[in-house]
Amino acid sequence: TDLDGDGRLDLAVANADSDSVSVLLNTTVPGSGVMTYAAATNFAAGNSPRAVTAADFDGDGRPDLAVANADGNSVSVLLNTTEPGSGVVTYAAAADFATGSSPRALTAADVDGDGRVDLAVANAVGDSVSVLLNTTAPGAIVAAFADAGDVAAGNGAVAVAAADVDGDGRPDLAVANGNGVAVLLNRPAVLDVSQGTGTLENDDANLTPDPFQFVDQAGVERDTDITSAPVTITGITAAVRIEVSGGRYSVGCTGSFRTSSSTITDGKTVCVRHTSSNSFGSATDTLLTVGGVSDTFTSTTEPDDTTPDAFKFTDVNNVLLNSAQVSNSVAIRGTRGTAPISVVGGEYSVGCTAAFTSAAGAIASGATVCVRHTSSAIHGTATHTTLTVGGVSDIFTSTTPAEQDYSKTGALAPLDALLLLLAAFGGARRRRTKKIRSRGCPCERIP
C-alpha cells in the first residue's frame, strides 16, 4: 500500500514482541533494479500485534492501519496523518477496540454498505470472527468503531478474507479454521446496523445451545460482589454470541469478568457477577444470553432483622421522693440495620447523653440507651418506665422508701418528737418569765 502518497508501495509490519507496527517507506528508484526502503518508523500498537491491514477508515484518501493484538484481545486503528510530499510518514496515536479472544488476522471491507470501511477479525481462541462497524466521522482525528459483533467461525479461526461469495453485492467472509474453511454469508436480516453489531451466520452450524439455569442465592450480604455458580454451555457446534445485562460474565469462570459481548463454544463454563443491593431483603438480577437462550441469576440480600437480644435494666430502691432517676445503660445487640425504639412512662437517651426524649425513633445495633423518670412523691411507691426496642421490652423501676410505723418500734414519730420539743421549750419560757416578774420587773424578758 502507498502509505505516503508518492506512488510507491510501502510496507507495514506487526511486531509481536515490541507491541508496535513498523512502517518502511519505499525509496526504490524506478528502473534501478535494486529495491530500497527507508529505515523503519515504529508506532505503538496493542499487546502482541500479529497482523496488520491498511484501509482508508476516515475517508480522507490516505491509507490508515489496523493491527490485530493477539494478547490484548483488541484491534488498534492508527489514522494516517502524513503530509503529501513530506517524505516522512506519521500516524495518530492508536485507538484500541475490543475483539474476541486472541485475534490473529483481520481484513477490511464495507460489511454494512454504508460507504465506510469496516473490520473483520479472526479470533483463534474465541473460535469466531469479530465484525466492527466503522462509525468514524469524516475529518475525525480519532477512529471510532461500534462494539464488536462476534460470529461463530469454527475451531481455531486463524485467517479471514472478505469477498462476495454468493454474488449478491455484499462482502461475505471466508475463515480458515482447524477444520477447514468456514464461509459466512452476509445477510441484512441479521446485520443490526442500528445497534452497531454486525452479525453474519454460518449455515452449517448449530448455534442454539441447550437451556441452562443459574442457582439463585438468598441471604447475601449487602453491597457485595456476588458470583453465580458456573453453568456449562452445551448443544452448539460452533462459537455463539454471549452477552449480559445487569452485571458481568466470565467464560471459564476465571477472575476476569467483562460486560461487552463476545463468543463462547460448546462445553465451556460461564459465571455471572453483580453487586448486591445496599438494602435489606432486596433482589438484584443479571440476565445472560447465549445464542438467543437466556437465564437470570438473582441474589437477594439478607432480611432486615429488627429484633434485638434481650436487655435488662437494674431497678433501684429507697430513692429520694420526687427526684430524677436515670437507669443503667444497656447495649442493643443482635439487630441488622436499625430497630424502632419507644418509651412509656419516661424518657430515653441513645448513647446515654444529657439529651432525653419521649418520642419514638430508631436505634442501631451496638448503641447504648438509658431511661429516665421522676420518682414518686409518696413513700413506698414504685415508678415504672418501659422501653421497647424492635418488639423486645424491659421495665426500669424506682421505688421510694416506705413511711416508718413508729408505734411498733417504741420510738417517737418525727412530728411527735417535734411537738414535744416545742412544748418543752414553751414550758421553760413561761417559768423564766415568772421568775423575772417576781423580782419586780414590769416587763417580760425573752432570751
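Up top is the structure these notes are about.
The text that follows walks through the structure, step by step, so that each part is easy to find. Since the model is a prediction, treat every value here as computed from it, not as a measurement.

1. Digging into the pattern of salt bridges
Inference 1: Tallied over the entire structure, the rule returns eight salt bridges.
Inference 2: The partner of Asp-6 in a salt bridge is Arg-8, and the shortest N-O contact between them spans 3.1 Å.

2. Considerations on the layout of surface pockets
Inference 1: Estimates place the volume of the largest pocket at around 410 Å³.
Inference 2: If you go around the largest pocket, you meet 20 residues; those closest to its centre are Ser-101, Val-251, Arg-258, Ser-262 and Thr-263.
Inference 3: Those elements giving two or more residues to the lining of the largest pocket turn out to be strand S19 (248–251) and strand S20 (262–264).
Inference 4: Counted by class, the lining of the largest pocket contains six nonpolar, twelve polar and two charged residues.

3. Quick word on the environment of Thr-296
Inference 1: In this structure, Thr-296 sits in strand S23 (residues 293–301).
Inference 2: On the accessibility criterion, Thr-296 (30% relative accessible area) is partly exposed.
Inference 3: Discounting residues that sit within four places of it in the chain, Thr-296 has contacts with Phe-214, Asp-216, Asp-285, Thr-286 and Leu-287.

4. Here's the deal with the pairing of strand S11 (residues 149–152)
Looking down a regular strand, the side chains alternate between one sheet face and the other.
Inference 1: Alternating residues of S11 divide into Gly-149 and Val-151 and Asp-150 and Ala-152, and every residue in both groups is buried.
Inference 2: As defined by bridge partners, strand S10 (residues 128–132) adjoins S11 across four bridges and the pair is classed as antiparallel. Bridge pairing in S11 places Ser-130 opposite Asp-150.

Each value, and the rule that gives it
Residues numbered from 1 in each chain as written. Predicted model: local features only at pLDDT ≥ 70, side-chain atom pairs only at ≥ 80, totals over all residues. Heavy atoms only, no water. Salt bridge = Lys/Arg side-chain N within 4 Å of Asp/Glu carboxyl O. 1 Å grid on protein atoms, 1.4 Å probe; cavity = no way out; pocket = protein on both sides within 12 Å on 5 of 7 lines; lining within 4 Å. Points joined across faces, edges and corners; volume = space filled by probe spheres on them. Helix = DSSP H or I, 4+ residues; strand = E, 2+ residues; numbered from the N terminus. Nonpolar A, V, L, I, M, F, W, Y, C, P; charged D, E, K, R; others polar. Buried < 20%, exposed > 50% of the residue type's maximum accessible area, 1.4 Å probe, protein only. Contact = heavy atoms within 4.5 Å. Pairing = 2+ DSSP bridges.

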